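# Results of the structural survey
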Amino acid sequence: MDTKLPEKFIFPDSVKRLPLIVTPRQNEPAESVVFRLALANGYRTINDMLRGTPNFPRELLKQRYSRGKYIAIAATLCGVAEEQLEAATPFRNSGGLALFGHHFRKIRAVGTARVCPACLSDDMANYSGPESLRPYRRNWWEIQNIGACPIHAIALVDSCPACDEPLQLIKSTTSCDCNPHVDIRRLISPTIEPGDLVHDNWLLGRLGVCPLQESPFLDSLPIDTASHLCLMLGTISENNFSVRGKRIVSPKYSMITRSIGWAILHNWPSSFKIFLDDLIESNSSDNDLKSVRSTRYGGLVRHLQAEDCPELEPVLQAIRSHVAHHQLISPTTRIFGQRLDLGENIALSAAAEIAGCGEVRFLKISDALELPSAQQPKVGTYIVPTANVEVVKDFLASSIEAAQLARQVGCDPKIITRLVDGGMLGLKLAGNVSVTNLIDRSDAEKLLSVTSEEFDQFKNLDDRCISAKQACRLAISGIEGVLTAIISHNLRGVGRNPEISGFRGLIFDRSDVLEAINSIFGTSLSRDIIDKYEWKHSTLLHLRRLGYLNAALRPDYVYMAELNEFMAAHVSMSEMLDWQESPDKRRTIRDILSRRGVEPTIPTSAKVSGFWPRKAAREALVRAP
């Protein structure tokens, strides 16, 4: 609620005070002070008083009466400090009001102007002077969380008994316009039992109006949140522990239900636990087969979460603990209308929640471990042996979901699936449409220990260092190849980009990446082969076209097994020049091979090196004269 005050009214210095003034009383708002001031000077209304005030600006008479205007009038004509009036005057808007430094929400069923007839009678007896000036409004009467006057133990009155119309805020201490003979001060209001006043006593005690009645847990909450929580729990208790039902129908109903809720929370947490026990008890009976996990928990939690108040977390936590406790079987718990021995069985929904997984996952793990299967005593409900819970929890503790692992590494879940298919990661439990794969946590830790590794200093990229993105481009199968190298060949980063987390922020040594990739896949870079054998640059591409090498492999890599098989049967001109028995000139070698009838398997061209049958070429050159 926005409690920013409007622009203050400023009266000219020429405005003179009236002959008589009044002094604000304890907890008296500015409206009440101004009304009593008008009566003291013989005026029936505030407007009449302002018209009779010397030098009062006529243009201000046309402005609507607001909080700021009442404060300015009282301060100017009574000589009272504005700070005192501002502290005692509620700030009102459509959402409620602010008073004593607290915000209170608006309740539609409660009237705006309410009075305590006994307080007005006390004013008549305790103050002197004209009778019309003795009674005054208390600002806390406007707090709609309150339904009674704790001082006199009677309900606050918000309507005229003669016409049943709501009281007017300004004239509520005297009479109603319908009948001037109806004296509000002499109305008889119902007496309230002490047990129904505990909430209002506590609330006014926190505001300093009454003696303080401590309630440690409620005192730790924002006052309006605590009061509304009392109303919420009291309403549930009054409505036979149904979260849905009538809420507020009158100030008296609000007061009584808040006091019931106050009693539920006063001796926290034991009194609240009793309330939750009653909530569970009311949700099951001999003739009503229901799961131990009551849906009424969810309704209560939704109401609490709607408050959006972090201070209510202890209440939510108490409910969570109670749910967990009552989902396990106790000697008095009934499940589906049957009493079960302590710890024998548990509802499947409860077992899955305690284990930390979904129901489908719980059943799949139980089947994989050949645990006793779930029973279905009623359609739509399952129970499982309680002993299964710890076994499933231990299984889950040694596993990690594939999707979770992918998020932590920073890759697509399909990559994790391919690593599992390739045997790089151990599969604890296969998934399906409903649940993802479970990966062996020990294997996953090998991957996470590298991808999440931190380094003291960031190494700039140079000719030797490459980023994870570049490493994936360099590897045969992209990120899958690099992750495989990390798992199986201890490939580790040499630095990290501090702006990128996970695997994608790592920096690798280029030679380490190549060494690991070649070791895993049995490959070598094409350009290294070209340099080693002194071949022409299109030779390997030509061999792929002819089917000697795998055409599906990336052009910049060569399978060494295929290359070695080809080289075992073929020889290039550059290699023959290195043989001891060979001449030292290419033309001479070609002539000898031609005379011996050894023709090239792959003819030499401008961009492709030639190859001859190895065995025939060696025999021809050895027998050469």
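This is a predicted model, so every value here is computed, not measured. (Residues numbered from 1 in each chain as written. Predicted model: local features only at pLDDT ≥ 70, side-chain atom pairs only at ≥ 80, totals over all residues. Heavy atoms only, no water.)

## Overview of the sheet that holds strand E2 (residues 96-99)
To keep things clear, this is the line we draw: A pair of strands counts as paired when DSSP detects no fewer than two bridges linking them. In this text, helices come from DSSP runs of H or I with a minimum length of four residues, and strands from runs of E with a minimum of two, each type numbered from the N-terminal end. Between N-to-C directions, angles cover 0 to 180 degrees, with each direction set by a line fitted to C-alpha atoms, over the stretch in contact for helices.
Taken together, three strands build an open sheet; the order of strands is E1-E2-E3 and the sheet is antiparallel. Each end of this open sheet is capped by a strand with a single partner; those strands are strand E1 (91-93) and strand E3 (102-105). The average undirected angle you get between the axes of adjacent strands in this sheet is 15 degrees. The sheet contact formed by E2 and E3 spans four bridges and is antiparallel. Looking at E3, one finds that Leu97 is bridged to Phe104.

## Considerations on the pattern of salt bridges
Note the threshold: For this analysis, a salt bridge means a side-chain nitrogen from Lys or Arg found within 4 Å of a carboxyl oxygen belonging to Asp or Glu. Whether a residue is buried, partly exposed or exposed follows from its accessible area with a 1.4 Å probe, protein chains only, as a fraction of its type maximum: under 20%, in between, or over 50%, in that order.
Using the criterion set out here, one finds 14 salt bridges in the structure. Where Asp224 meets Arg105, a salt bridge forms, and the shortest distance between an N and an O atom there is 2.7 Å. Of this pair, Asp224 sits in helix H9 (residues 223-238) while Arg105 sits in strand E3, and the two are 119 residues apart along the sequence. A relative accessible area of 7% places Asp224 in the buried class. Using a relative accessible area of 24% as the deciding quantity, one classes Arg105 as partly exposed. For Arg418, the salt bridge goes to Glu480, with nearest N and O atoms at 2.8 Å. Taken together, the residues span a long stretch of sequence, with Arg418 in helix H18 (residues 413-421) and Glu480 in helix H21 (residues 479-489) at a distance of 62 residues. The partly exposed category is assigned to Arg418, whose relative accessible area is 39%.

## Looking at the confidence of the model for the protein
Detailed reading of the predicted coordinates is not advisable wherever pLDDT falls low. Heads up, the rule is: Values of pLDDT, which run from 0 to 100, indicate the predictor's confidence residue by residue. We call two residues in contact whenever any of their non-hydrogen atoms come within 4.5 Å of each other.
In the predicted model, the protein carries a mean pLDDT of 80, and 83% of its residues have values of at least 70. This model gives residues 285-295 a pLDDT under 50, and the stretch forms 21 contacts once residues within four places in sequence are excluded. Every residue in residues 327-343 is under pLDDT 50, and counting partners more than four places away or in other chains gives 42 contacts.

## Description of the packing of helix H1 (residues 30-40) against helix H4 (residues 67-78)
Just so we agree on the cut-off: Angles are sorted into four bins: roughly parallel if under 35 degrees, roughly antiparallel if over 145, roughly perpendicular if 65 to 115, and oblique for all others. Should the near helix be turned anticlockwise from the far one by less than a right angle, the crossing is left-handed, and should it be turned clockwise, the crossing is right-handed. Think of it as three bins: nonpolar holds Ala, Val, Leu, Ile, Met, Phe, Trp, Tyr, Cys and Pro, charged holds Asp, Glu, Lys and Arg, and polar takes everything else, Gly as well.
Between H1 and H4, whose axes approach to 8 Å, the crossing angle comes to 50 degrees. Relative to H4, the element H1 is oriented oblique. Read as a crossing pair, H1 and H4 show a hand that is left-handed. Contact residues: Ala30, Glu31, Val33, Val34 and Leu37 in H1; Tyr70, Ile71, Ile73, Ala74, Leu77 and Cys78 in H4. Taken together, the residues of the contact of H1 with H4 sort by class into ten nonpolar, no polar and one charged.

## As for a positive patch on the surface
Where we set the bar: Nonpolar side chains (Val, Leu, Ile, Met, Phe, Trp, Tyr) are joined into patches within 5 Å and like charges within 9 Å, using only residues with over 30% relative accessible area and no salt bridge. Exposure was quantified through the Shrake-Rupley algorithm and a 1.4 Å probe, taking into account, for residues, occlusion by the shown protein chains and nothing else. Within this scheme the basic residues Lys and Arg register as positive and the acidic residues Asp and Glu register as negative, but His and the chain ends are omitted. Think of each charge as sitting on NZ of Lys, CZ of Arg, CG of Asp or CD of Glu.
The grouping of Lys536, Arg586, Arg587 and Arg590 at the surface amounts to a positive patch. Mapped onto the secondary structure, Arg587 falls in helix H27 (residues 586-595).

## Overview of helix H16 (residues 387-397)
Selection rule: Along the arc lie the directions from the helix axis toward the C-beta atoms.
Within H16, burial applies to Asn388, Val389, Val392, Phe395 and Leu396. Axial view of H16: buried residues confined to an arc of 130 degrees, hence all on one face. Turned more than 90 degrees away from the buried face of H16, the exposed residues are Ala387, Asp394 and Ala397.

## Quick notes on the packing of H27 against helix H28 (residues 614-622)
Running from N to C, H27 and H28 point in directions that differ by 100 degrees, and their axes come no closer than 9 Å. When the axis of H27 is compared with that of H28, the two are roughly perpendicular. On the side of H27, the interface is formed by Ile589, Ile592 and Leu593, while H28 contributes Ala617, Ala620 and Leu621. Broken down by class, the residue content of the contact of H27 with H28 amounts to six nonpolar, no polar and no charged.

## Overview of the environment of Leu99
For Leu99, the position within the fold is in strand E2. Residue class for Leu99 comes out buried when judged on its relative accessible area of 2%. Sequence-wise, Leu99 and Ile143 are 44 residues apart; in three dimensions their C-alpha atoms are separated by 8.4 Å. If sequence neighbours within four positions are ignored, Leu99 has contacts with Ala87, Ala88, Thr89, Pro90, Phe104, Asn139, Trp140 and Ile143.

## Looking at helix H6 (residues 117-126)
Three or more residues of H6 are buried, namely Pro117, Ala118, Cys119, Leu120, Asp123 and Met124. Buried-residue contacts for H6 involve strand E4 (148-149) and strand E5 (154-155).

## Here's the deal with the pairing of E2
Along E2, one buried face is formed by Gly96 and Ala98 and the opposite face, lined by Leu97 and Leu99, is buried too. The sheet contact formed by E1 and E2 spans three bridges and is antiparallel. By the bridge assignment for E2, Asn93 is matched with Gly96. Between E1 and E2, which pair antiparallel in sequence order, lie two residues. In textbook terms, the turn of a hairpin is the stretch between consecutive antiparallel strands, and for E2 and E3 this stretch comprises two residues, one of which, Phe100, has a positive phi near 55 degrees.

## As for the sheet that holds strand E15 (residues 438-440)
Within the open sheet, the three strands sit side by side as E13-E15-E14. Their pairing is antiparallel. Each edge of the open sheet carries a strand with a single partner, namely strand E13 (399-401) and strand E14 (427-429). The average undirected angle you get between the axes of adjacent strands in this sheet is 40 degrees. With two bridges joining them, E14 and E15 adopt antiparallel strand pairing. Along E15, the bridge assignment pairs Leu427 with Ile439. The strands touched by helix H19 (residues 441-451) within the sheet are E13 and E15, with E15 carrying the most contacts at an inclination of about 75 degrees.

## Concerning the packing of aromatic side chains
For clarity, the cut-off: Ring geometry is summarised as follows: Phe, Tyr and Trp rings, the Trp one being its six-membered ring, pair when their centres sit within 6.5 Å, and such pairs are stacked at plane angles under 30 degrees, edge-to-face over 60 and tilted between the two. To sit over a ring, a charge needs its Lys NZ or Arg CZ within 6 Å of the ring centre and within 35 degrees of the ring normal.
What the rule picks out here adds up to eleven aromatic pairs. Taken together, a centroid distance of 5.4 Å and an interplanar angle of 25 degrees make the contact between Tyr65 and Tyr70 stacked. With a centroid separation of 4.0 Å and 5 degrees between ring planes, the pair formed by Phe217 and Trp268 is classed as stacked. With Phe217 in helix H8 (residues 216-219) and Trp268 in the loop between helix H10 (251-266) and helix H11 (270-281), this pair connects stretches of sequence that are 51 residues apart. Members of the aromatic cluster, connected to one another through ring pairs, are Tyr533, Trp535, Tyr548, Phe566 and Phe611. Over the ring of Tyr65 we find Lys69, and its NZ or CZ is 4.2 Å from the ring centre. Sitting above the plane of the Tyr136 ring, Arg138 keeps its charged end 4.0 Å from the centroid.

## Some points on unusual backbone geometry
Following Trp268, the chain continues into Pro269 via a peptide bond in cis, with omega recorded as 0 degrees. One non-glycine residue, Asn27, lies in the positive phi region at around 60 degrees. Checked against the element boundaries, Asn27 lands in the segment before H1. Here Asn27 falls in the buried class, since its relative accessible area comes to 17%. For Ala153, which is not a glycine, the phi torsion comes out positive at approximately 60 degrees.

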